[in-house]
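Observations on chain architecture
Next come the chains, spelled out residue by residue.
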Amino acid sequence: MSTSAPARPFEPDFAAAAKDAVLSGVIALGIFGPLVGLRTTQNMSNQLIVESHWGLVAIIVGIVAVGRFVLRAFVFPRMAMWKAQPKVESTAEPSFLRRNIKTIGLVFLLFYPVIIVSMLGYQQSIKWVDNFGIQILIYVMLGWGLNIVVGLAGLLDLGYVAFYAVGAYSYALLATHFGLSFWILLPLAGILAAMWGIILGFPVLRLRGDYLAIVTLAFGEIIRLVLINWRELTNGSAGISSIPKVDLFGWITFNVADPNYVGKVFGLANSSAYYKIFLYYLILALALLTAFVTIRLRRMPIGRAWEALREDEVACRSLGINTTNTKLTAFAIGAMFGGFAGSFFAARQGFVSPESFVFLESAVIVAIVVLGGMGSMIGVAIAAVAMIGGTEILRELSFLKVVFGSDFNPDLFRMLIFGLAMVTIMVWKPRGFVGQREPTAFLTERKAVSGSLVQEGHG
Amino acid sequence: MPAPSWEKDPVLSVEHVTMRFGGLVAVNDLSFAAGRGDITALIGPNGAGKTTVFNCITGFYKPTQGMLRLQHGDGSTHLLERMADFKISATAKVARTFQNIRLFSGMTVLENLLVAQHNPLMIASGMTVLGLIGFPAYKKAEKRSIEKAKYWLDKINLTDRADDPAGDLPYGAQRRLEIARAMCTSPELLCLDEPAAGLNPRESGELNQLLLDIRKTEGTSLLLIEHDMSVVMEISDHVVVLEYGIKISDGTPAEVKADPRVIAAYLGVDDDEVAEVEEALDVVVEEARQ
């Protein structure tokens, strides 16, 4: 820089800020006055009357005006100052947290139920282990499974939930009809889902981009519609209930009536929390299996071929790579993990119906992969925590009722806030949480590849 | 006149190949041979059908008519027009580079060279299964393939950039890397589509050395499309000239340089000579039809 101006003690321009705040307040009043302030309802004698919520409007307008004032007076000048300062390349080692995020995360996951139980006791822990722990881990696993197809091979699959459904129904049907154990049906569900992955893979081999997305989306819907309409097999929309619980290889079960119920074996009081904690560790193990296999595969020729396929399919073929087989294995292995997760889901819920496998589920899983940064395992995990944990935590925001009145239901705004958060994150980090690619081999030093060079795949 | 050397032991014989795209005849009844261990150049003005011939040889197009025969040193023969594109590289051992560079830009230089060794590594990893459970044979094979990659990195002077993404390399280095990547498939015939395009004179000199070195040390036969006449005349043993999909000249660089039809095709001719050239072309077309 030519003029290294001394850092000026910054003086907030309160007059301009106040003017700005009033202006934004007026605009907010104009927008929210009619939208929030007036509401028509019926009174006791069925007459249409106008109810006013001027208090709420005042709160919103207040927030907008004060927020604008703070932005204009303090935040913007600071931001301008930061931008004016020459950027110092941080050559320092990444922080301890950043370097060890995988180990820390793993240790936390292993002790999570212990921490929760010791803090809240068995009965209170159920919600936190089940709704947060298990729910998030299912999506982490689904995200990692889909990451193979979308993140590594670059094939946009909008019907991933179909494989989840195949896995869930495989377990539900075979367990209720033939009484087979979870431990036999888990691999079987994976194999069946992989088979359906190949069946989907064949017709879409030639498709790319938008066309591939549409066909996979249609496949997801077809599976769901078959589940609804093939009543003789799947019991239609009513679903399949009383799906047997998982047991620990037959040694310990989680049905109170059984002689080897976990409480009786260890002399504990009856509680449904044991089963939830067991399920937590089961899905954790399944998710870690997915991660382990994916990390191994990335360093194998097939994994490199997937990534090469995402980068340039024509060049792949010129190097003698059978792109048909490469794509099919990506679909099959991705689907297999979806099938594992599905059979776990059925065992956990004890009930499956087509309702659980709607397009929104596929969209959420794709969003997790994209948000996490395509191809990055840790990014996908963070995105799953943010998306699933984030929406779950919104249920817990009952204190907002104090602010917005007793009939305020934060649940209604879940999807709105969710969408807003996604847009914000994508503006802030367009390549996802982890926008870098880890190379799979190195000669002297492992350097991350900038996301701007990595292709997103042709579909 | 004795038969030229390339007719005696051809690595590739192109026989009566025609490629039509709807009504457009991109290549018309083309026949030529590329000798084993030779550097054969395919030249011609823009739109002459050179890249189409390349795409036929490497399987990206299936020729409408004709035969493409590839003979390995051990005597085995492959009919390229009947093979799937990836098989042409995997079993017939024909490698190629592209006119507009097609590297895996988000992968490192080393990874690019490892992807090229996909097929041997795939076998070493027991079709992934054995490698996945940590079989030692795969680890050894991977080490070997890294050694091979290193050998080629040394040749193209990119060893110190092995761990950088391929997309970060300067243009000339990307060209060299693409050649090294093709060579990592251990090809019998290497097809280069305008390897000197966009290179400065020094780089193009280095490229000549690299290509001559490949022929000498690896024994690979080379087929190249090139516009840069300094490259063509300096290193090639045999030149085939195409215009409008028809072969107009075939011979040693000196012979081709002296051929009036080549001069006409490249430099254009005066108005009063047009009829003459057209006549000459008609003769060629007639010859081609027979």
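Numbering of residues starts from 1 in each chain and follows the order in which that chain's sequence is written. Both sets of labels track the order of writing: A upward for chains, 1 upward for ligands. Local features are withheld for residues below a pLDDT of 70 in this predicted model, meaning they are given only at 70 or higher, and side-chain atom pairs are given and counted only at 80 or more; totals for whole chains, interfaces and linings count all residues. No hydrogens and no water enter the side-chain calculation; it runs on all heavy atoms of the structure.

Put simply, the test is: UniProt positions are given in the numbering used here, feature names are shortened, and annotations may be inferred rather than shown by experiment.
Chain B is annotated in an unreviewed UniProt entry as ABC transporter ATP-binding protein of Methylobrevis albus. Under the Sequence similarities (unreviewed entry) heading, UniProt states for chain B: "Belongs to the ABC transporter superfamily."

As annotated in an unreviewed UniProt entry, chain A carries the name High-affinity branched-chain amino acid ABC transporter permease LivM and is attributed to Methylobrevis albus. You can read under Subcellular location (unreviewed entry) in the UniProt record for chain A the words "Cell membrane".

Brief notes about the domain arrangement of chain B
Residue and element names in this part refer to chain B. Quick note on the threshold: Domain ranges listed in this record stem from an automatic or a database domain assignment. Note on contacts: a residue pair is in contact if any heavy atoms of the two residues lie within 4.5 Å. Simply put, the buried area is the total loss of 1.4 Å probe accessible area from both parts when two parts are fitted together. Criterion for a salt bridge: a side-chain nitrogen of Lys or Arg within 4 Å of a carboxyl oxygen of Asp or Glu. Here a polar contact is recorded for every N or O atom pair within 3.5 Å, except that within protein the pair must consist of a potential hydrogen donor and a potential acceptor, and residues adjacent in sequence are included only if both atoms are side-chain atoms. Here a helix means four or more residues in a row that DSSP labels H or I, a strand means two or more in a row labelled E, and each is numbered from the N terminus.
When its domains are assigned, chain B resolves into domain 1 (1–93 + 186–290) and domain 2 (103–185). In this structure, domain 1 and domain 2 have C-alpha centres spaced 29 Å apart. Contacts between domain 1 and domain 2 engage 23 residues on the former and 15 residues on the latter. Surface buried jointly by domain 1 and domain 2 totals about 1400 Å² across both partners, of which 60% is contributed by carbon and sulfur atoms. On the domain 1 side of the contact with domain 2, Ser186, Leu210 and Glu218 bury the most area, a combined 31% of that side's loss. Asp213 serves as the salt-bridge partner of Lys155, at 2.9 Å between the closest nitrogen and oxygen. Across the domain 1-domain 2 interface, the total number found is eight residue pairs in polar contact (both at pLDDT 80 or more). Elements supplying a minimum of two residues to the side of domain 1 that touches domain 2: helix H3 (85–90), strand S7 (189–193) and helix H9 (201–218). Here the side of domain 1 that touches domain 2 gets nine residues from one element, more than from any other, and that element is H9.

Examining the pairing of S7 of chain B
The side chains of a regular strand alternate, residue by residue, between the two faces of the sheet. All names here are of chain B. The cut-off we apply is this: Each residue is assigned to one of three classes by its accessible area relative to the maximum for its type, calculated with a 1.4 Å probe on protein chains only: buried under 20%, partly exposed between the two thresholds, exposed over 50%. Each pair of strands is called paired provided DSSP finds at least two bridges between the two strands.
Among the five residues in S7, five count as buried, and that is most of the element. Residues Leu189, Cys191 and Asp193 of S7 are buried on one face, and the alternating residues Leu190 and Leu192, pointing to the opposite face, are buried as well. Note that strand S6 (residues 94–96) and S7 share three bridges and pair parallel. Bridge pairing in S7 links Val94 to Leu189.

Here we look at the domain arrangement of chain A
Buried accessible area, meaning the area lost when the parts come together, often serves as the stated size of an interface. If you check the domain split of chain A, you get domain 1 (14–84) and domain 2 (96–394). A straight line from the C-alpha centre of domain 1 of chain A to that of domain 2 of chain A covers 43 Å.

Some details on the interface of chain B and chain A
What counts here: In this count, Pro and Cys sit with the nonpolar residues alongside Ala, Val, Leu, Ile, Met, Phe, Trp and Tyr, while Asp, Glu, Lys and Arg are called charged and the others, Gly among them, polar.
Counting from both sides, the interface comprises 42 residues of chain B and, opposite them, 35 residues of chain A. On the chain B side of the contact with chain A, Phe86, Leu132 and Asp163 of chain B bury the most area, a combined 18% of that side's loss. Our count for the contact surface shared by chain B and chain A stands at four salt bridges. Its salt-bridge partner being Arg304 of chain A, residue Glu142 of chain B comes within 2.6 Å of it at the nearest N-O pair. Where chain B packs against chain A, one counts 13 residue pairs in polar contact (both at pLDDT 80 or more). Sorting the residues of the side of chain B that touches chain A by element identifies H3, helix H4 (109–115), helix H5 (118–124), helix H6 (129–132) and helix H7 (136–155) of chain B as the ones contributing at least two each. Ranked by residues supplied to the side of chain B that touches chain A, first place goes to H7 of chain B with five residues. Its residues assigned to classes, the side of chain B that touches chain A comprises 19 nonpolar, 13 polar and ten charged.

Regarding the pattern of salt bridges
Here the structure, examined in full by the defined rule, presents 27 salt bridges over all chains. In this structure, the salt-bridge partner of Glu81 of chain B is Arg82 of chain B, at a minimum N-O distance of 4.0 Å. Assessed through its relative accessible area of 16%, Glu81 of chain B is described here as buried. Taking relative accessible area as the criterion, Arg82 of chain B reaches 65% and is therefore assigned exposed. Of the charged contacts in the structure, one is a salt bridge between Glu147 of chain B and Lys150 of chain B, with a shortest N-O distance of 3.9 Å. Here Glu147 of chain B and its partner Lys150 of chain B are both found in helix H7, three residues apart, which amounts to about one turn of the helix. With a relative accessible area of 45%, Glu147 of chain B lands in the partly exposed category. It is possible to trace a salt-bridge network through shared partners that takes in Arg298, Glu307, Arg310, Glu311 and Arg437 of chain A together with Glu111 of chain B.

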